[in-house]
Amino acid sequence: MPSEKSTSSSPSDEEALPERGTTEELRRDFSLWSLGSLCLCLMGTWEALTSVVAAALTNGGAPCLFYNYIITFLGTIAIACSLAEIASIWPTAGGQYHWVHVLAPKSHKLLASWFTGWISIGGQTVLTASAAFAAGLQFQALITLNNPDSYVPARWQGMLFYWLVLVYSAAVNIWGSRVLPHTNLASGVIHVVGFVAIMVVMGVMAPKHGARFVFVEFSNTSGWASDGTSWLVGLLSTIYPFLGYDAACHLAEEMPLPSRTVPLAMVGSVLVNGVMGLGFAIMLLFSLGDLNDLLTSPTGFPFMQLFLNITSNKAGATVLILIVSLVAVAANAAGCTSTSRTFWAFARDSAAPYSRLFADVDPKLHVPVPAIIAVTVFQMLLGLLYLGNSTAFNAILSMAILGMYASYILPIIYMALYGRKKLDREQFGPFSMGTLLGPVVNMVALGWLIVAMTFSTFPSVQPVTPQNMNYAVVVMGGWLAIGTVYFFALGRKTYVGPIL
């Protein structure tokens, strides 16, 4: 039986840190509301839908987006509940790799937990980068929208916009750390108010399709010979908008009562974003207009062309687009916060290269500055992919899904196989699914994770060329290869497991 007890049994979570051997180095500035707002904006489900809708429309048309969204919503609830139950027992910044370490058998817990942490850091880094990619390319596309005859977009310019977003996020995480909870709360308000504004504009001004177009008329223009395969490849458009809810657990050491707050923020953000996203998806599909016109838009983003078509006014369309783009910037800043905390925890546990450097917390700013800089530099290097690949944005999305889902699946597997057998009822935290519902939810989550991970590796269109190939497996394989070399050469000599 694991010796680690539920943190809910401790007098307070602040007192529990020293009991685990951990010194409290980060300020507890986040409340449930600010943490929930961070998760809402990092997920940005309805905003993310606008950026990635092209995949579903190409692979199956409007019905592909609608039905895949519902399936993904249900699968994500199962994942979030499974992870939230574990987070309620062990609320630490390391998250997934901490959980695997306490749940896995002693014979391979070091190996399993280290690779879970390595995968989690890679997945979070790419997910955070994807928000900056979306924002940067949308800023560039706004120039195209407003200057269609005089501006010729270049990839290097898009990369510079991407880098600009990353630099902003790093700066606000380092020097604006005290106001981060408040900026996240403000971004949450924009997330909701912007949703209402855009829904009203589309509802009032856009010509509407009939119900048959939205729910029945399948359209496969992807080049895939199999309509079923094409449909499943279109899952990219609905899986990606639901990523990021695990950010709450990586900030567990910066809030009071994390064993209660973290699960509420995780599951609550999925439910709120899921309902908002479903309403937005339905309104969007009824308001699409000419599908071919959107898919061939010079901006590269169908939603931008849609907003221009609806308003017939560049200024009005620009305002609506900026709502989406600014939330993407906020998502990148929130993701930088979450990812840097995971990397910092990994280094604190002597699991990362140059652990002493990256485990450092600035004594005045109370933030892990080296970890923030490292995450930002890695994300900037990912931007180089865009210079050589016209579909690099889709590849980044696929890598985010593959990396994040791989880090989700391992703790759920170990919880289902070992945790439920070994943990006593009193060791569970405030968020518990019980002995009957828990295993069922875990199995649903695992089934969905396997399907989603499989089809996130497929190329979005056929025929496949070096320019439109899905490089997610290549990049993930490279990340794992680097990790394998490091772990067996150096990491296993210093890593003895996380401090719990």
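Here's a quick rundown of the structure.

### Section: the overall build of the protein chain
- Within the protein chain one finds 22 helices and 0 strands.
- Here the protein chain holds 500 residues, and the buried ones make up 62% of them.
- Contacts in the protein chain between residues at least 24 apart in sequence constitute 84% of all its contacts with a sequence separation of at least 6.
- Taken as a whole, the protein chain presents about 18,400 Å² of accessible surface, with 69% of it coming from carbon and sulfur.

### So, a nonpolar patch on the surface
- Where nonpolar side chains cluster on the molecular surface, the patch consists of Trp156, Leu160, Ile373, Val377, Leu381, Leu384 and Leu387 and spans about 650 Å² of accessible area.
- For the nonpolar patch, the secondary structure elements donating two or more residues are α7 (155-175), α18 (369-382) and α19 (384-388).
- The element contributing the most residues to the nonpolar patch is α18, with 3 residues.
- Along the chain, isoleucine 373 turns up in helix α18.

### What about unusual backbone geometry?
- Geometrically, the link from glutamine 462 to proline 463 is a cis peptide bond, its omega value of -5 degrees lying close to zero.
- On the secondary structure map, proline 463 appears in the loop between α21 (434-455) and α22 (472-494).
- The phi dihedral of serine 312 falls on the positive side, at around 55 degrees, and the residue is not glycine.
- Residue placement: serine 312 occurs in the loop between α15 (302-311) and α16 (314-348).
- Unusually for a residue other than glycine, histidine 366 sits at a positive phi of about 60 degrees.
- With respect to the secondary-structure elements, histidine 366 resides in the loop between α17 (355-358) and α18.
- With relative accessibility at 29%, the residue histidine 366 sits in the partly exposed group.

### Remarks on the packing of aromatic side chains
- Tallying each qualifying case throughout the model produces 30 aromatic pairs.
- Summarising the aromatic geometry, the rings of phenylalanine 343 and phenylalanine 358 are spaced 5.0 Å apart at their centres and angled 45 degrees between planes, so their arrangement reads as tilted. Of this pair, phenylalanine 343 sits in helix α16 while phenylalanine 358 sits in helix α17; the two residues are 15 residues apart in sequence, bridging distant segments of the chain.
- Phenylalanine 358 sits in the buried class, given a relative accessible area of 15%.
- When the ring of phenylalanine 378 is compared with that of tryptophan 479, the centres are 5.2 Å apart and the planes differ by 15 degrees; the resulting orientation is stacked. Of this pair, phenylalanine 378 sits in helix α18 while tryptophan 479 sits in helix α22, and the two are 101 residues apart along the sequence.
- Note on tryptophan 479: relative accessible area 16%, which makes it buried.
- In this structure an aromatic cluster arises from ring pairing among Tyr97, Trp114, Phe115, Trp118, Phe346, Phe378, Trp479, Tyr486, Phe487 and Phe488.

### A few points about α18
- Here α18 is 14 residues long and its end C-alpha atoms lie 20 Å apart, about the 20 Å a rise of 1.5 Å per residue gives.
- When we look at burial in α18, the residues that qualify are Val369, Pro370, Ala371, Ile372, Val375, Thr376, Gln379 and Leu382.

### A closer look at α7
- Taking 1.5 Å of rise per residue, the 21 residues of α7 would be expected to cover 30 Å, and the 30 Å separating its terminal C-alpha atoms lies within 8% of that figure.
- Among all positions of α7, only Gly158, Met159, Tyr162, Val165, Leu166, Ser169, Ala170, Val172, Asn173 and Ile174 are buried.

### Notes on the nonpolar core
- In this structure, Ile79, Ile198, Tyr245, Phe280 and Tyr405 are the most contacted members of the largest nonpolar core, which totals 118 residues.
- Broken down by element, the residue count for this core peaks at 15 residues, all from helix α4 (residues 62-89).
- Contact partners of isoleucine 198, with chain neighbours within four places excluded, come to Trp46, Phe280, Phe307, Leu320, Ile323 and Val324.

Procedures and definitions
Residues numbered from 1 in each chain as written. Predicted model: local features only at pLDDT ≥ 70, side-chain atom pairs only at ≥ 80, totals over all residues. Heavy atoms only, no water. Helix = DSSP H or I, 4+ residues; strand = E, 2+ residues; numbered from the N terminus. Buried < 20%, exposed > 50% of the residue type's maximum accessible area, 1.4 Å probe, protein only. Contact = heavy atoms within 4.5 Å. Areas by Shrake-Rupley, 256 points an atom, 1.4 Å probe, with all protein chains shown as cover. Patch = residues over 30% accessible without salt bridge, like charges linked within 9 Å, V, L, I, M, F, W, Y side chains within 5 Å. Salt bridge = Lys/Arg side-chain N within 4 Å of Asp/Glu carboxyl O. Phe/Tyr/Trp six-rings, centres within 6.5 Å; stacked < 30°, edge-to-face > 60°. Expected span 1.5 Å × (residues − 1). Core = buried A, V, L, I, M, F, W, Y, C linked by side-chain atoms within 4.5 Å.

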